[in-house]
Amino acid sequence: IRRNIELLLQEEEIEPGRFITNFQLGQSYFFLGEMERAIERMEIAAYGENNYRRTPFWYVSAYVQLGWMYKIAGREQDALRTLQEALSRDPANPVAKLVVGEIKCYGGECKEALEILSSISDEDFRPTVFALSIDKMRYHLHFLRGRCHEQLGDCQQAAAEYATALALDPGCISAKKQ
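Since we're looking at a predicted model, the values are computed, not measured. (Residues numbered from 1 in each chain as written. Predicted model: local features only at pLDDT ≥ 70, side-chain atom pairs only at ≥ 80, totals over all residues. Heavy atoms only, no water.)

## Quick word on the environment of Ser133
Tracing the sequence through the fold places Ser133 in the loop between helix H7 (110–118) and helix H8 (134–151). In terms of polar contacts, Ser133 uses its side chain to reach the backbone amide nitrogen of Lys136, at 3.1 Å. (Helix = DSSP H or I, 4+ residues; strand = E, 2+ residues; numbered from the N terminus. Polar contact = N/O pair within 3.5 Å; in protein donor to acceptor, adjacent residues only side chain to side chain.)

Printed below as a string of structure tokens:
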């Protein structure tokens, strides 16, 4: 990854502010755990002048990645704002919905989170540039639904969602504990 960053920084010198360079730098720094640098580069990709606003797939992908990074960095309000921008351009985006649902779920807004999460089906997830595999996103969807049902007192539905999550990722400790 470090070598990739070196090459991308060389590209940045040739063509400053290029969308794809900043997008890839953001992802590379993220994988190295350098969250502030990752966010800085993904912000340039999402909000910079030289971005792919005319190509919705990449543009929305930058917003979703940035929202997820904000969430991980504990910046929930920035995450929600950015993910809402993604959803305004791609209202059916399952990854943006999933992250918004997660923020709401862990923020105690389980009823609203469940409404959002229930609007996503397993089939909605498709190959993407997001850092999680399709199966991990599906696992996460069912785990979060289970958590919301549990918080809302529907233990039977919670158990069913946790069972589905475990079927998708049998080694996951979070769903086993529930």
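That shown, we press on.
## Section: the state of the cysteines
Under the defined criterion, the tally for this structure stands at zero disulfides. No disulfide involves Cys105; its nearest neighbouring cysteine sulfur is the one of Cys148, lying 3.6 Å away. (Disulfide = S-S within 2.5 Å.)

## Quick notes on the side chain of Asn22
As for its placement among the helices and strands, Asn22 is situated in helix H2 (residues 19–31). One polar contact links the side chain of Asn22 to the main-chain carbonyl oxygen of Arg18, over a distance of 3.0 Å. Setting aside its immediate chain neighbours within four residues, Asn22 contacts Glu12, Gly17, Arg41, Met42, Ile44 and Ala45. (Contact = heavy atoms within 4.5 Å.)

## Observations regarding helix H5 (residues 76–89)
In an α-helix, one full turn covers 3.6 residues, which means residues spaced three or four apart are oriented alike. Taking 1.5 Å of rise per residue, 14 residues should cover 20 Å, and H5 covers 20 Å from first to last C-alpha, within 8% of that figure. If you check which residues of H5 are buried, you get Ala79, Leu80, Thr82, Leu83, Ala86 and Leu87. (Expected span 1.5 Å × (residues − 1). Buried < 20%, exposed > 50% of the residue type's maximum accessible area, 1.4 Å probe, protein only.)

## Section: the packing of aromatic side chains
Using the criterion set out here, one finds six aromatic pairs in the structure. Between Phe30 and Phe31, the aromatic rings sit 5.7 Å apart at their centres with planes inclined by 65 degrees, giving edge-to-face as the arrangement. The class for Phe30 is buried, based on a relative accessible area of 16%. Every member of this aromatic cluster is reached through a ring pair, and the members are Phe30, Phe31 and Trp68. (Phe/Tyr/Trp six-rings, centres within 6.5 Å; stacked < 30°, edge-to-face > 60°.)

## A few points about the confidence of the model for the chain
In the predicted model, the chain carries a mean pLDDT of 88, and the fraction of residues at 70 or more is 89%. Within the chain, the element-level pLDDT minimum falls on helix H10 (residues 173–177), averaging 57, and the maximum on H7, averaging 97. (pLDDT = per-residue confidence, 0-100.)

## A few points about a nonpolar patch on the surface
A surface patch of nonpolar side chains, about 280 Å² in accessible area, is lined by Ile1, Phe31 and Leu32. Residue classification places Leu32 among the partly exposed positions, given a relative accessible area of 31%. (Patch = residues over 30% accessible without salt bridge, like charges linked within 9 Å, V, L, I, M, F, W, Y side chains within 5 Å. Areas by Shrake-Rupley, 256 points an atom, 1.4 Å probe, with all protein chains shown as cover. Salt bridge = Lys/Arg side-chain N within 4 Å of Asp/Glu carboxyl O.)

## Regarding helix H9 (residues 155–168)
Here H9 spans 20 Å end to end across 14 residues, near enough to the 20 Å set by a 1.5 Å rise per residue. The set of residues buried in H9 consists of Ala158, Glu161, Tyr162 and Ala165. Axial view of H9: buried residues confined to an arc of 100 degrees, hence all on one face. Exposed side chains of H9 directed beyond 90 degrees from the buried face belong to Gln156 and Ala167. (Arc of directions from axis to C-beta.)

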